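Summary of structural features
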Amino acid sequence: MAKLPGVTLSSCEKPMPVIGMGTCSFPPADLETTKTAIIEAIKAGYRHFDTAFAYGSEKPLGEAIAEALTLGLIMSRDELFITTKLWSSYAERDQIVPACKMSLQNLQLDYIDMYLIHLPVRLTGTVFSMPVEKDAIEPLDVKGVWEGMEECVKLGLTKGIGVSNFSCKKLEKVLAVATIPPAVNQVELNPTWQQKELREFCKAKGIEITAFSPLGANNTKWGDNRVMDSDVLAEIAKFRGKTVAQVALRWVYEQGVSLVAKSYNKERMKQNLQIFDWSLSEEELEKISQIPQRKGVTLASILGPHDLVLELDAEV
Ligand code: NAP
């Protein structure tokens, strides 16, 4: 398996492989299933893994990395790019370094490559069941939280820092207080939610967009099947002898962004890497640009339809 193309990030020396493997599964996979899938992914050539405290996949990822080292699948942890995320219950100035250390302990690692603020809100108390009560959601103290994230870099706990689910408006707030600007904004992006405005904004500010749910998170609680059931994508896939998933992932890649896709199926995870030796034509790109647009993964569907959450969902 050839090495995957890498992306240079603003404040992070190591290039980030342009495709990462997602580890948020539905229904939630047990630890052994997750660990086995990650080891298979390493064998298939994945070197970038996306996890989060909230997914419960940090521990099996840590175990899979340890086993991959023992098996000689990788020679050093440094060959991997590991992204994890600050859960919103810890999105407070003084709780960020301890939360990052907790993730490192779960992962059995000395450092994370990319630490992201998972959501642009703070949840009061330790909330794990969704949706949450209205009173449990507060606006983020952007200055305090970003200081905490920067402290994680200064302490060597993470190489890079960034955000997730941030709009242009929220990113402006981070940029206004940042000493270390966010390197990444991980957001939903796929042919049915193309995010043109956010992409242009991030490009201008040197922030790498990583697409999550690039296949529309089909067959999950938070996504739908609009990408996988798209007639436009199906027609292109048939003509090219590719799968709909490959056409969707290739389209995301051609937008100049990185992506994290989840498959725990050995064949599909391999298939999802086979997007680099062909390209879409101008005509095909034009057809995909005409696909009706709608956000699939809304914060309201996860946190509940509270005013603050609906406001965030409405921001681009
Ligand atoms: P996704 O990658 O768009 O889709 C995953 C679904 O597609 C799974 O049901 C998977 O099933 C299926 N699938 C994968 N490859 C396929 C293929 N080639 N053909 C047909 N079906 C295929 O959705 P996602 O999991 O929401 O997004 C990817 C990752 O992004 C997550 O795992 C997570 O790490 C991250 N994420 C982040 C956020 C955030 O707030 N930052 C939100 C959502 C997701 P199988 O496993 O059975 O193949």
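Relevant structure appears above.
Reference entry: report on the structure contained in this document.

The rules behind each value
Residues numbered from 1 in each chain as written. Predicted model: local features only at pLDDT ≥ 70, side-chain atom pairs only at ≥ 80, totals over all residues. Heavy atoms only, no water. Pairing = 2+ DSSP bridges. Helix = DSSP H or I, 4+ residues; strand = E, 2+ residues; numbered from the N terminus. Axes fitted to C-alpha atoms, helices over the stretch in contact; angles between N-to-C directions. Buried < 20%, exposed > 50% of the residue type's maximum accessible area, 1.4 Å probe, protein only. Right-handed = clockwise from strand over helix to strand, strands pointing away. Near = heavy atom within 4 Å. Polar contact = N/O pair within 3.5 Å; in protein donor to acceptor, adjacent residues only side chain to side chain. Areas by Shrake-Rupley, 256 points an atom, 1.4 Å probe, with all protein chains shown as cover.

Once that is clear, we can look at the sheet that holds strand β9 (residues 158-164). Read around the barrel, eight strands follow the order β3-β4-β5-β6-β9-β10-β11-β12 and close on themselves; strand pairing throughout is parallel. The average undirected angle you get between the axes of adjacent strands in this sheet is 30°. Direction of pairing for strand β10 (residues 184-188) relative to strand β11 (residues 208-212): parallel, over a ladder of five bridges. Opposite Gln186, over in β11, you have Thr210 as the bridge partner.

This brings us to the pairing of β9. Most of β9 is tucked away, with six of its seven residues classed as buried. Sheet topology note: the strand β6 (residues 112-117)/β9 ladder contains five bridges and is parallel. Bridge assignment links Tyr115 to a residue of β9, and that residue is Ile161. Relative to β10, β9 is paired through two bridges, and the arrangement is parallel. Residue pairing across strands places Ser164 opposite Gln186, the latter belonging to β10. Assessed by its sense of winding, the connection that carries the chain from β9 through helix α5 (residues 168-177) to β10 is right-handed.

Let's shift gears to the site of the ligand. With respect to spatial proximity, 30 residues lie near the ligand, and among them Asp50, Leu215, Lys262, Ser263 and Arg268 are the closest. Separating an oxygen atom of the ligand from a side-chain N or O atom of His118 is a distance of 3.4 Å. Contact distances for the ligand include 2.7 Å between an oxygen atom and a backbone N or O atom of Leu215. For the ligand, whose accessible area on its own is 900 Å², the fraction buried by protein is 90%.

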